Amino acid sequence: MNYSWIVVSSLLCSVAYGSNLTFPPGFKFGAASASYQVEGAWNVSDKGESIWDRLVHTKPEAIMDLTNGDVTCDSYHLWERDIEMATELGLHFYRFSLSWPRLMPTGFSNKISEDGQKYYNNLIDGLLDKGIEPLVTIFHWDLPQSLQDLGGWMNPLIVDWFEDYARVVFSLFADRVKTWVSINEPVSICDYVYNTGGMAPPIFEPHVAPYVCTKHVLLAHAKAWRIYDEEFRPMYNGEISLAIPLIWHEALSAEHEELAELLRENIAGRYSHPVYSKEGGWPPSLEKHLEEVGKRKGFNKSVLPPFTKEEIDLIRGTYDYYGMNFYTSRLVRKARPGESIGAWPMNGAPDFDAAFEKDPSWVAGYSSWFYVTPEYFRPQIMWLKEKYGDLKFLITENGISTGPGLDDRMRVEYYRDHLKELLLAIHEDGVNVVGFTAWTLMDNFEWNDGLGSKFGLYEVNFTSPQRTRTPRASAHYYKSIIDTHSIPKTIYEN
Ligand code: GBH
């Protein structure tokens, strides 16, 4: 730790103000990453190929700056430095994901990699040594290519394959890992992937695939939860849920309110209602709408595959907390006749005849999809609480993309403003929020935006062999939040 760090953080401690800016006792802070985005070592030892390896090697133009995750932060080799950063920040937990093809090179449970196990054991034990809880995501998008060749998330057998993978993972790590995320962002895996054709796998099929994929993801999650519940919880007493990304959809004006609510059901409800509602199954208003969409498109049925009674019961109640990723929002209105509508969920909603706009006052992040909208963080949480009851919330991701540089005032203010809204939800609305996770610990491979889009509390020098990691102003600020357990003034305020 260098000296300036101590000075800055103690200075910030002394200016912490106001008891309503204080987090409840026991509230935990963490930071997150994901295997493909940070590990590198894509073909080291017996690791299998993932769908992201395949995409970046066969369609490099899919990545904005033509970079890839072959080496990225090289965390496969530099994991000790990652733990050191988590320690410098004073994190209570570090959220990272397991690479399925690194642990199970064939994609199936017939072969478990020794080196893969060793890597994750080192990371988990190293964190625990420092008193930092490992929070582990089982699946964060890097599907084994071998399973993609068999249809990936479109093949109903994925539910069994994921179940096998989850059982292996729990057997290896559940003695030490107490908080789990089964699947990160179903919306990204199902909606972004098939509606744009730009991510991995590069398949464009916006009519049926997103909805079929949704069903399989929910079943896979439910199986993993049930295995944990039946076989591992009695011994280890941990928790497992999904991480669901929410984009708040605000009506452009009152006449579009009904449409906005239907879109909230499509982004939040489609993935939450089957798990969190008392009755289970699809949200009724969405079910009705997607049946009409199916007929309009010439199918004689809904584009949303139905659940059997057994499936509804299998999925319902498979949660221990609500894991929520929140980044940005959209204004929605009915599309004008003949207007071309962008892809769901970032740019429009063709199946809902909805066009998206941004408020002129919203500040833009570095990524094209990014607008800063802290004002909708609290309404989004309240929407979930009103629908599904008094859940325990864990914010599993929140953060902003910027360009390079250590003086990241935008990120400092982004965290300050979102955490203030979160505290209002806690103190004013009585929401039970137990923790907050910054995305992300350090700059990494930001999917289609490549290495150019920076989300890190730490800057990473991608041209140095050591992938040198340097704290930004936001790292110092986040540390001061953790140290004071409150929201201190930033260095930009007086
Ligand atoms: C999360 O995704 C992910 O969990 C994490 O891995 C990621 O690094 C982080 O947030 C920041 O993006 O080209 O218009 O189709 C957030 C959702 C999904 C947003 C993919 C950008 C592509 C936008 N992201 N999406 S678009």
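Residues numbered from 1 in each chain as written. Predicted model: local features only at pLDDT ≥ 70, side-chain atom pairs only at ≥ 80, totals over all residues. Heavy atoms only, no water.

As annotated in an unreviewed UniProt entry, the protein chain is beta-glucosidase from Bombyx mori. On record in UniProt, under Sequence similarities (unreviewed entry), the comment for the protein chain is "Belongs to the glycosyl hydrolase 1 family." (UniProt positions renumbered as here; feature names shortened; annotations may be inferred.)

(A) A look at helix α12 (residues 284-296). Taking 1.5 Å per residue, 13 residues should reach 18 Å; α12 reaches 19 Å between its end C-alpha atoms and fits that length. Of all the positions in α12, only L286, H289, L290, V293 and G294 are classed as buried. Seen from one end, α12 has its buried residues packed into an arc of 145 degrees, which puts them on one side. Of the exposed residues in α12, those oriented more than 90 degrees away from the buried face are P284 and K288. Those residues of α12 that are buried lie in contact with α10 (209-236) and α11 (257-276). The first or second residue beyond α12 is G298, which carries a positive phi of 95 degrees. (Helix = DSSP H or I, 4+ residues; strand = E, 2+ residues; numbered from the N terminus. Expected span 1.5 Å × (residues − 1). Buried < 20%, exposed > 50% of the residue type's maximum accessible area, 1.4 Å probe, protein only. Arc of directions from axis to C-beta. Contact = heavy atoms within 4.5 Å.)

(B) Examining the pairing of strand β6 (residues 322-334) more closely. Of all 13 residues in β6, 12 are buried; the element is thus mostly enclosed. As paired elements, strand β5 (residues 239-251) and β6 share eight bridges and run parallel to each other. Among the inter-strand pairings, H249 is bridged to a residue of β6, identified as R330. Sheet topology note: the β6/strand β11 (residues 392-397) ladder contains four bridges and is parallel. Following the sheet pairing, Y322 is matched in β11 by F393. Two strands pair when backbone bridges link them, and β6 and strand β8 (residues 354-357) are joined in this way by four bridges, in the antiparallel orientation. Residue L331 lies in a different strand from β8, and its bridge partner there is E357. (Pairing = 2+ DSSP bridges.)

(C) Looking closely at the packing of α11 against helix α14 (residues 377-388). Relative to each other, α11 and α14 sit at 50 degrees, their axes nearing to 11 Å. Taken together, the axes of α11 and α14 lie oblique to each other. The crossing of α11 and α14 is right-handed. In this structure, α11 contributes E261, R264, E265, A268, G269, S272, H273 and Y276 to the contact, and α14 contributes Q380, W383, L384, K387 and Y388. Taken together, the residues of the contact of α11 with α14 break down into five nonpolar, four polar and four charged. (Axes fitted to C-alpha atoms, helices over the stretch in contact; angles between N-to-C directions. Parallel < 35°, antiparallel > 145°, perpendicular 65-115°, else oblique. Left-handed = near helix turned anticlockwise from the far one by under 90°. Nonpolar A, V, L, I, M, F, W, Y, C, P; charged D, E, K, R; others polar.)

(D) Fine view of the state of the cysteines. Within the structure shown, the criterion is met by one disulfide. Two residues share a disulfide in this structure: C190 and C213, whose sulfurs sit 2.1 Å from each other. Judged by the torsion about the S-S bond (-70 degrees), the C190/C213 disulfide is left-handed. One end of the pair, C190, is in helix α9 (residues 186-196); the other, C213, is in helix α10, and 23 residues separate them in sequence. Taken as a pair, C190 and C213 share a single burial class, namely buried. (Disulfide = S-S within 2.5 Å.)

(E) Local environment of the UniProt feature "active site" (unreviewed entry) in the protein chain. UniProt's feature table lists "active site" (unreviewed entry) at E397, given in the numbering used throughout. Topologically, E397 is positioned in strand β11. Using a relative accessible area of 3% as the deciding quantity, one classes E397 as buried. Once residues within four sequence positions are removed from consideration, E397 is found in contact with R95, H140, N184, E185, M324, N325, F326, Y327, T437 and W439. Side-chain polar atoms of E397 contact the side chain of R95, separated by 3.0 Å. (Polar contact = N/O pair within 3.5 Å; in protein donor to acceptor, adjacent residues only side chain to side chain.)

(F) Examining the site of the ligand more closely. Contacts to the ligand come from 17 residues, most closely from Q37, H140, N184, E446 and W447. Interatomic distance of 2.8 Å between a side-chain N/O atom of Q37 and an oxygen atom of the ligand. Within the side chain of E185, an N or O atom sits 2.9 Å from an oxygen atom of the ligand. Residue contributions to the shell around the ligand peak at three residues, all from α9. A class-by-class count of the residues in the shell around the ligand yields eight nonpolar, six polar and three charged. (Near = heavy atom within 4 Å.)

(G) Focus on the packing of aromatic side chains. Counted by the stated rule, this structure contains 46 aromatic pairs. Measuring from ring centre to ring centre gives 6.3 Å for W344 and F356, while their planes differ by 70 degrees; the resulting arrangement is edge-to-face. Of this pair, W344 sits in the loop between β6 and β7 (348-349) while F356 is found in strand β8, placing the two residues 12 residues apart along the sequence. Using a relative accessible area of 5% as the deciding quantity, one classes W344 as buried. (Phe/Tyr/Trp six-rings, centres within 6.5 Å; stacked < 30°, edge-to-face > 60°.)

(H) Quick look at the pattern of salt bridges. Taken as a whole, this structure holds 39 salt bridges when the rule is applied. Put simply, D313 and R316 hold a salt bridge, and the shortest N to O gap is 2.6 Å. According to the relative accessible area criterion, D313 is partly exposed, its value standing at 30%. The class for R316 is partly exposed, based on a relative accessible area of 31%. We note a salt bridge from D429 to R378, for which the minimum N-O separation is 2.7 Å. In this pair, D429 sits in the loop between α15 (409-427) and β12 (432-439) while R378 sits in helix α14, placing the two residues 51 residues apart along the sequence. (Salt bridge = Lys/Arg side-chain N within 4 Å of Asp/Glu carboxyl O.)

(I) Representation of the pairing of β12. By the criterion of burial, β12 is predominantly enclosed, with six of the eight residues buried. As paired elements, strand β1 (residues 28-32) and β12 share five bridges and run parallel to each other. Paired with F29 across the two strands is F436, which belongs to β12. As judged from the four bridges shared by β11 and β12, these two strands associate in the parallel manner. For I395, the partnering residue across the bridge sits in β12 and is F436.

(J) A look at the packing of α9 against α11. The N-to-C vectors of α9 and α11 enclose an angle of 130 degrees; their axes lie 11 Å apart at closest approach. As judged from the angle between their axes, α9 and α11 are oblique. When the axes of α9 and α11 are compared, the crossing they make is right-handed. Judged by residue contacts, P186, V187, C190 and D191 of α9 engage I267, R270 and Y271 from α11. The residue makeup of the contact of α9 with α11, split by class, is five nonpolar, no polar and two charged.

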